[in-house]
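Each chain, written out:
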Amino acid sequence: TPGSVSPVNAIGQFGTDLGLIAADPHGNIYVVNNPTDIREYAAGATSNTPPVRTIVAGESEIGNIQGLTVDSSGNIYVANGVGSSILVFSSTANGDVPPSRMIGGNLTGIGYPFGVTFDAAGNLYATTEASLISGQNFSQVLEFAPCASGNTPPTRGLTAVNGDAIAGLSVDPA
């Protein structure tokens, strides 16, 4: 019947807050399980296959994950709601480990980040609610250089008009 389509594949079982997923160019799948851990599954993983790696809260500084993307090298970028930051984990990070770098601080413009993605040149884009750091209520799309780290200002930004909220984000790969 229309609308009754079975999945091609099912991977594991997760907590109740599942909702964010990403895939890398190699077909590996990254899943947010609850808002404080990330699991990577190898390309072609099937039901009840254990994750290849898991990054958990603690030293990782993860808290209330709002967005997730993965670069071509397998580095994971997390829109970290609790820390008002973008956390970056290396392709080999596993367990309760600190991020390899972080973009956050008053110069970044990141208030409460929601989405993260890349363009073809490797620039990082993040959507953010700015009211948490500025006392004003507006949303922005911020662009950061490929290797941005620390309290670095964005290379440019786009501010929503009329109080519109920007949550999701996608960039044309061309």
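The structure we're discussing is the one just above.
Rules of the game
- Residues numbered from 1 in each chain as written.
- Predicted model: local features only at pLDDT ≥ 70, side-chain atom pairs only at ≥ 80, totals over all residues.
- Heavy atoms only, no water.
- Helix = DSSP H or I, 4+ residues; strand = E, 2+ residues; numbered from the N terminus.
- Buried < 20%, exposed > 50% of the residue type's maximum accessible area, 1.4 Å probe, protein only.
- Contact = heavy atoms within 4.5 Å.
- Core = buried A, V, L, I, M, F, W, Y, C linked by side-chain atoms within 4.5 Å.
- Lys, Arg positive; Asp, Glu negative; His and termini not counted.
- Salt bridge = Lys/Arg side-chain N within 4 Å of Asp/Glu carboxyl O.
- Polar contact = N/O pair within 3.5 Å; in protein donor to acceptor, adjacent residues only side chain to side chain.

*Asks:* Hey, could you run me through the overall build of the protein chain in this one?
*Replies:* Tallying secondary structure elements over the protein chain gives one helix and 12 strands in all. Across the protein chain, helices and strands are ordered from the amino to the carboxyl terminus as β-β-β-β-β-β-β-β-β-β-α-β-β. Taken over 174 residues, the protein chain has a buried fraction of 41%. Contacts in the protein chain between residues far apart in sequence, at least 24 positions, make up 45% of those at least 6 positions apart.

*Asks:* Looking at this model, I keep getting lost on the nonpolar core. Mind explaining?
*Replies:* Across soluble globular proteins, nonpolar side chains show a tendency to be buried alongside one another. Within the largest apolar cluster, 14 residues are counted, with the highest numbers of intra-cluster contacts made by Ile38, Ile62, Leu68, Ile76, Val78 and Phe89. Looking at this core, the elements that each hand over two or more residues are β2 (29-32), β5 (65-70), β6 (76-80) and β7 (85-89). With three residues, the top contributor of residues to this core is β5. Among residues more than four places away in sequence, those in contact with Phe89 are Ile55, Ser60, Ile62, Asn75, Ile76, Val78, Val97, Pro98, Pro99 and Ser100. Among the nonpolar cores identified, the runner-up in size contains 13 residues, and Ile86, Val88, Ile103 and Ala148 belong to it.

*Asks:* Looking at this structure, I do not really get the side chain of Arg101. What am I missing?
*Replies:* Within the secondary structure, Arg101 sits in strand β8 (residues 101-104). One buried charged residue, Arg101, forms no salt bridge at all, with the nearest opposite charge on Asp71 at 5.8 Å. Here Tyr77 takes part through its side chain, which lies 2.9 Å from a polar atom of the side chain of Arg101. For Arg101, the side chain forms a polar contact with the main-chain oxygen of Pro146, separated by 3.5 Å. What Arg101 contacts, discounting residues up to four positions off in sequence, is Tyr77, Ile86, Leu87, Val88, Pro146, Cys147, Ala148 and Ser149.

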